[in-house]
Amino acid sequence: MAAPLLIRGGTCVNEDRAFRADVFCENGTIAAVGENLSVPEGTETIDATGKYVLPGGIDTHTHMQLPFMGTQAADDFYAGTRAALAGGTTMILDFVLPNKGESLLSAYEKWRGWADPKVCCDYSFHVGVTWWSDEVGKEMEVLCRDKGVNSFKLFMAYKDVYMVNDKEMYHAFCKIKELKALAQVHAENGDVIAEKSKEMNDLGITGPEGHEMCRPEEVEGEATNRAIVLANQVNCPLYVVHVMSRCAADVICAARRRGCVVFGEPIAASLGVDGSHYWHKCWRHAAGYVMGPPLRPDTTTPGYLMDLLANGDLQLTGTDNCTFNGNQKALGKDDFRKIPNGVNGVEDRMSVVWEKGVHSGKMDACRFVSVTSTTAAKIFNMYPQKGVIRVGSDADLVVWDGEATRVISSKTHHHAVDFNIFEGLECHGVPLVTITRGKIAYNKGKLDVVRGWGRFIPRSVDAPFVYSRVRQRDTIPRYVKVDREPYTGPVIQLD
Ligand code: URP
Ligand code: ZN
Ligand code: ZN
């Protein structure tokens, strides 16, 4: 248990307002918020005068030590959560991804076994539905009832690995709705990608640029629309992970305007960099950016996604942190299809969003808190335990300097890899102190983390932020039978 801690004199920022207050943390939670608090003698004090105090970042999308494409993500639950804390993120939501045919429950237990001894900050799990059967549906019930899971990811790509077809998706959406959980979707047309990547190979395009060429924007846009249409048939709330293109973002905006319950998650990568890197002459550099869906060669994409995030058309940010070293990426040196998909982000998301969102003048500090923490807590049903500075909430906090700058580099980052997609980016917005459940884990450049300090945060179903509207939509009769006299006229004879 962490010792009592006082953060004095800062400007606290919640999604609805910013206010001057001290924050007193005791037994891992926020015990008092107010001006000139008096605290027990001996309480450790952090002076936050002139700085912001923010709810710790919540990264909605990571893949620590994911076994993937013949190798394993380099950031494990220790390195990854350490990097998170260095960047001002105090909670991650990672993914249990069962193989096809594998029990979801045993995959969940396996992932818990990997994560629990290593995590340095709190975490929770989404679970992938990578195949479908009645048994899968029953296991989803158990995961929701007994294991603290309320979100399930479906893949429309990675054919023969994780991809499910429309019928399987439809069944899964029915079950998710019945459980009052949340459906998440990786939206890309996996069949088209499989065909077009063969085409690239036949054309002799084997380098990283082929990765983008065989899955252009509209392939993401089509799948995004299809997922929304399928989910909407059963009024199942849908969360589109890693929104990478203007096309997909526009589809989400249009659906929201029609009243669909759909949320869009751009990531640090899609907000901070573009896909022109795939055409870089250095193979290792180009391969460092390979992820799915890919970054887009249209260089206006990051700014466009940030505009939508700032004005509320997109709702929150994750990272899809799934890192591989250059030598791992080199598995695909002769064939882009074999380059392990994934990039970094968990350490730099907060600074990238501040730089491109707040420092650029597109959003204020309250909106920043909303898109990096509070909305995640609400959508995934952890609010107000997480995502807010309030008495009783977990003491997951960041002392943030909005004026200071830092230059991102693989030489100084805390990831377990030799490459950083934001290399050289100067960001205003620097975490000075990161606090996880009342414990100082990062202070002015120095990490002091504890393996296994993080707890698994169980999340119950029926998140009010999501389901109050779903329920309201359910009150409108969708299908109304027409009462009519039976037809008694002539009918042709079929042979
Ligand atoms: O390239 C990516 N995104 N790797 C991780 C798996 C996924 O699709 O989220
Ligand atoms: Zn994905
Ligand atoms: Zn992912």
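Residues numbered from 1 in each chain as written. Chains lettered and ligands numbered in written order. Predicted model: local features only at pLDDT ≥ 70, side-chain atom pairs only at ≥ 80, totals over all residues. Heavy atoms only, no water.

Focus on unusual backbone geometry
Residues apart from glycine generally show negative phi values, whereas peptide bonds are mostly found in trans.
Move 1: Note that the residue after Gly292, namely Pro293, is joined by a cis bond; omega there is -15°.
Move 2: Within the secondary structure layout, Pro293 lies in the loop between helix 10 (283–287) and helix 11 (301–311).
Move 3: In this model, Lys444 sits at a positive phi of 45°, which is unusual for a non-glycine residue.
Move 4: Relative to the helices and strands, Lys444 is located in the loop between strand 17 (439–443) and strand 18 (446–447). (Helix = DSSP H or I, 4+ residues; strand = E, 2+ residues; numbered from the N terminus.)

A few points about the nonpolar core
For soluble globular proteins, nonpolar side chains are generally found buried alongside one another.
Move 1: If you look at the biggest cluster of nonpolar residues, it comprises 87 residues, and the most contacted ones within it are Phe152, Phe173 and Leu238.
Move 2: Per-element accounting of this core gives the leading share, six residues, to helix 8 (residues 246–257).
Move 3: For Phe173, the residues in contact, after removing those within four places along its chain, are Leu154, Ala183, Ala227, Leu230, Ala231, Val234, Cys236 and Leu238. (Core = buried A, V, L, I, M, F, W, Y, C linked by side-chain atoms within 4.5 Å. Buried < 20%, exposed > 50% of the residue type's maximum accessible area, 1.4 Å probe, protein only. Contact = heavy atoms within 4.5 Å.)

Some points on the sheet that holds strand 11 (residues 151–155)
Move 1: Reading across the sheet, the seven strands line up as 6-9-10-11-12-13-14 and stay open at both edges, with parallel pairing between neighbours. Every interior strand has two partners, whereas the edge strands, strand 6 (57–62) and strand 14 (262–266), have only one. Each neighbouring strand pair of the sheet contributes to a mean axis angle of 25°, computed without reference to strand direction.
Move 2: Here six bridges tie strand 9 (residues 89–96) to strand 10 (residues 122–128), and the two strands are oriented parallel to one another. (Pairing = 2+ DSSP bridges. Axes fitted to C-alpha atoms, helices over the stretch in contact; angles between N-to-C directions.)

A word on the coordination of the zinc ion (ligand 2)
Move 1: Here the zinc ion (ligand 2) is held by Lys153 (NZ), His186 (ND1) and His242 (NE2), and the distances to it run 2.1 to 2.4 Å.
Move 2: The distance between the zinc ion (ligand 2) and the zinc ion (ligand 3) comes to 3.6 Å. Placement of the pair is His186 in strand 12 (residues 182–186) and His242 in strand 13 (residues 238–243), with a sequence separation of 56 residues. (Donors = N, O, S within 2.8 Å, 3.2 Å for Na, K, Ca; no water.)

Details of the environment of Val262
Move 1: On the secondary structure map, Val262 appears in strand 14.
Move 2: Measuring from C-alpha to C-alpha, the distance between Val262 and Ala183 comes to 9.5 Å, with 79 residues separating the pair along the chain.
Move 3: Once you skip the residues sitting within four places of it in the chain, Val262 turns out to touch Ile228, Leu238, Val240, Ile252, Ala255, Arg256 and Gln315.

Here we look at the site of ligand 1
Move 1: Around ligand 1, the surrounding shell holds 14 residues, and the nearest of these are His63, Tyr158, His186, Gly292 and Asp320.
Move 2: Within the side chain of His186, a nitrogen or oxygen atom sits 3.0 Å from an oxygen atom of ligand 1.
Move 3: A distance of 2.8 Å separates an oxygen atom of ligand 1 from a polar backbone atom of Gly292.
Move 4: If ligand 1 stood free it would expose 260 Å²; the protein chains cover 100% of that surface.
Move 5: The cavity that encloses ligand 1 is the largest cavity.
Move 6: Its residues placed into classes, the shell around ligand 1 shows five nonpolar, seven polar and two charged. (Near = heavy atom within 4 Å. Polar contact = N/O pair within 3.5 Å; in protein donor to acceptor, adjacent residues only side chain to side chain. Areas by Shrake-Rupley, 256 points an atom, 1.4 Å probe, with all protein chains shown as cover. 1 Å grid on protein atoms, 1.4 Å probe; cavity = no way out; pocket = protein on both sides within 12 Å on 5 of 7 lines; lining within 4 Å. Sits in = over half its atoms within 2 Å of the grid points. Nonpolar A, V, L, I, M, F, W, Y, C, P; charged D, E, K, R; others polar.)

Observations concerning the coordination of the zinc ion (ligand 3)
Move 1: The coordination sphere of the zinc ion (ligand 3), as far as protein atoms go, consists of His61 (NE2), His63 (NE2) and Asp320 (OD), spread over 2.0 to 2.2 Å.
Move 2: For the zinc ion (ligand 3), the four donor atoms in the first shell make angles of 86 to 145° at the metal, a pattern classed as irregular. (Tetrahedral: all angles 85-135°; square planar, octahedral: opposite > 155°, others 65-115°.)

A word on the pattern of salt bridges
Move 1: The final tally for this structure, using the stated rule, is 30 salt bridges.
Move 2: In this structure, Asp396 and Lys386 form a salt bridge, with 2.7 Å as the shortest nitrogen-oxygen distance. Remark: Lys386 occurs in the loop between helix 14 (365–379) and strand 15 (397–407) and Asp396 occurs in the loop between helix 14 and strand 15; sequence separation between them is ten residues. Of the two residues examined, Asp396 and Lys386, each falls in the buried class. (Salt bridge = Lys/Arg side-chain N within 4 Å of Asp/Glu carboxyl O.)

Focus on the environment of Ile457
Move 1: Here Ile457 is to be found in the loop between strand 18 and helix 15 (464–474).
Move 2: Separated by 364 residues in sequence, Ile457 and Leu93 have C-alpha atoms that sit 9.4 Å apart.
Move 3: Apart from the residues lying within four places of it in its own chain, the contact partners of Ile457 are Met91, Asp122, Tyr123, Ser124, Gly148, Met382, Gln385 and Lys386.

Comments concerning helix 7 (residues 217–233)
Move 1: Taking 1.5 Å as the rise per residue, helix 7 with 17 residues should run 24 Å; its terminal C-alpha atoms sit 25 Å apart, in good agreement.
Move 2: Phi turns positive one or two residues past the end of helix 7, at Asn235, with a value near 50°. (Expected span 1.5 Å × (residues − 1).)

Structural notes on the pairing of strand 17
Move 1: Within strand 17, four of the five residues are buried, leaving the element largely enclosed by the surrounding structure.
Move 2: Here strand 16 (residues 426–436) runs beside strand 17; their pairing, made up of four bridges, is antiparallel. Within the sheet, the bridge partner assigned to Val433 lies in strand 17 and is Asn443.
Move 3: Linkage of strand 16 to strand 17, two consecutive antiparallel strands, is achieved through a turn of two residues, within which Arg437 is found at a positive phi near 45°.
Move 4: Sheet analysis places strand 17 next to strand 18, joined by two bridges and oriented antiparallel.

Examining the packing of helix 4 (residues 166–179) against helix 7
Move 1: Following both chains from N to C, one finds helix 4 and helix 7 inclined at 45°, their axes separated by 9 Å at the closest point. Compared by their axis directions, helix 4 and helix 7 come out oblique. Remark: the crossing between helix 4 and helix 7 carries right-handed chirality. For the pair helix 4 and helix 7, contact is made by Asp166, Met169, Tyr170 and Phe173 and by Arg226, Ala227, Leu230, Ala231 and Gln233, respectively.
Move 2: Among the residues making up the contact of helix 4 with helix 7, the classes are represented as six nonpolar, one polar and two charged. (Parallel < 35°, antiparallel > 145°, perpendicular 65-115°, else oblique. Left-handed = near helix turned anticlockwise from the far one by under 90°.)

Re empty space enclosed by the protein
Move 1: For the coordinates displayed, the defined rule picks out four cavities of 30 Å³ or more.
Move 2: When its volume is computed, the largest cavity comes out at roughly 110 Å³.
Move 3: Forming the walls of the largest cavity are 17 residues, and the residues nearest its centre are His63, Phe68, Tyr158, Asp320 and Asn341.
Move 4: Its residues assigned to classes, the lining of the largest cavity comprises eight nonpolar, seven polar and two charged.
Move 5: Estimated volume of the second largest cavity: approximately 50 Å³. (Points joined across faces, edges and corners; volume = space filled by probe spheres on them.)

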